[in-house]
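The residues making up each chain are set out below.
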Amino acid sequence: MKDPVTYVLIAGAWGGGWVWRRVEPTLRSAGHAVFTPTLTGLAERAHLASPQVNLDTHVQDVVSLLQVEDLEKVVLVGWSYGGMVITGVLEAVPERLAHVVYLDAEAPRDGESEFDVAGPELRDAMEESARTSGDGWSASLGDEAAITELFGPMLPDAETMRWFARKVAGQGQPIETFRQPVRIANPSADDVPRTFLRCPIAGEAWAGVYDPIVERLRDDRRWRVRELQTSHLAPLRDPRLVAETLLDISRDPRNAA
């Protein structure tokens, strides 16, 4: 077998390490190391949420993990909002990364925030959520019914939908993580290969976010763009497909740093 790979998997907004629970076994059974950190203020770390938590906080969560665990040649994966986070990590410690994978994720340009990438509809909804039910600083997607209505077509069965809705319902996301722009200025980051994995099935509501990103990246020499036949909720809908795609990316010598 090739040398073991270290995967660090970053979930999207309102998520946590639990998002990757069904992806991890395939990667581990292939002999690889897997880290699935939960970002500050979310899931089991919700007690650390505060108005001061921002994108820099989440970037530092991951940078600190890489440093404390002495992780190098990492395949860093970000899903959805996780793309904002891994962009900041790529900027901060490119020397620790072998490949960066954006799984239907935000791929911001210099000076862009989550709200800039995702657009005014999400911005307005999240600002309203923070104002009306989040003490001005915490945004949520609402109750289980609201989450089921929004994401139901993206998941394979009712049981998975209920499980996902229970995890996310009422979960707050510090809104400064959405407002703060990422800064990109480190030329060393240009040497790190990166892949964008577009997941178009049952994701019409998300096409307006990711399709323009894909079109922009196709002409960028630093990027490879692939399409997975799954939905935006790929880690939950098709975890084995996600895991096998990550294994394939790691095996391909063209993707080596």
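Thresholds, definitions, all that
- Residues numbered from 1 in each chain as written.
- Predicted model: local features only at pLDDT ≥ 70, side-chain atom pairs only at ≥ 80, totals over all residues.
- Heavy atoms only, no water.
- Pairing = 2+ DSSP bridges.
- Helix = DSSP H or I, 4+ residues; strand = E, 2+ residues; numbered from the N terminus.
- Axes fitted to C-alpha atoms, helices over the stretch in contact; angles between N-to-C directions.
- Phe/Tyr/Trp six-rings, centres within 6.5 Å; stacked < 30°, edge-to-face > 60°.
- Buried < 20%, exposed > 50% of the residue type's maximum accessible area, 1.4 Å probe, protein only.
- Patch = residues over 30% accessible without salt bridge, like charges linked within 9 Å, V, L, I, M, F, W, Y side chains within 5 Å.
- Areas by Shrake-Rupley, 256 points an atom, 1.4 Å probe, with all protein chains shown as cover.
- Salt bridge = Lys/Arg side-chain N within 4 Å of Asp/Glu carboxyl O.
- Lys, Arg positive; Asp, Glu negative; His and termini not counted.
- Charge placed at Lys NZ, Arg CZ, Asp CG, Glu CD.
- Core = buried A, V, L, I, M, F, W, Y, C linked by side-chain atoms within 4.5 Å.
- Contact = heavy atoms within 4.5 Å.
- Right-handed = clockwise from strand over helix to strand, strands pointing away.

With respect to topology, six strands assemble into an open sheet ordered β2-β1-β3-β4-β7-β8, the strand pairing being parallel. What marks the edges here is a single partner per strand, and that holds for β2 (33–35) and β8 (223–227). Between one strand and the next, the sheet's axes are offset by a mean angle of 20 degrees, whatever the strand orientation. With five bridges connecting them, strand β7 (residues 194–198) and β8 associate as parallel partners. Counterpart to Phe196 in the pairing with β8 is Val225.

Turning our eyes to something else, we now look at the packing of aromatic side chains. Taken as a whole and assessed by the stated rule, the structure comprises eight aromatic pairs. With a centroid separation of 5.6 Å and an interplanar angle of 70 degrees, the aromatic rings of Trp14 and Phe178 are classed as edge-to-face. Of this pair, Trp14 sits in the loop between β1 (6–10) and α1 (24–29) while Phe178 sits in helix α8 (residues 176–179), placing them 164 residues apart in sequence. When its relative accessible area of 1% is taken as the criterion, Phe178 is described as buried. Relative to Phe178, the ring of Tyr81 has its centre 5.8 Å away and its plane inclined at 80 degrees; by these criteria the two rings are edge-to-face.

Moving on, we come to a negative patch on the surface. Residues Glu69, Asp70, Glu72 and Glu95 make up a contiguous surface patch of negative charge. With respect to the helices and strands, the residue Glu95 is situated in the loop between α3 (82–92) and β4 (97–103). Exposure remark for Glu95: the relative accessible area of 58% places this residue in the exposed category.

Here we take up the nonpolar core. Generally speaking, soluble globular proteins have nonpolar side chains that are buried together. Formed by 81 residues in total, the largest nonpolar core has its most connected members in Leu103 and Phe164. Leaving out residues up to four positions away in the same chain, Leu103 has contacts with Trp20, Val77, Gly78, Trp79, Ser80, Leu197, Cys199, Leu228, Ala234, Pro235 and Val242.

Now for the pattern of salt bridges. Under the definition given, this model contains 15 salt bridges. It is possible to trace a salt-bridge network through shared partners that takes in Asp104, Arg198 and Asp211.

Looking now at the pairing of β1. Extensive coverage of β1 is indicated by the burial of five of its five residues. The side-chain alternation of β1 yields two buried faces, one formed by Thr6, Val8 and Ile10 and the other by Tyr7 and Leu9. This β-α-β element, β1 to α1 to β2, shows right-handed connectivity.

Take it as geometry only, folks, not as evidence of what the structure does.
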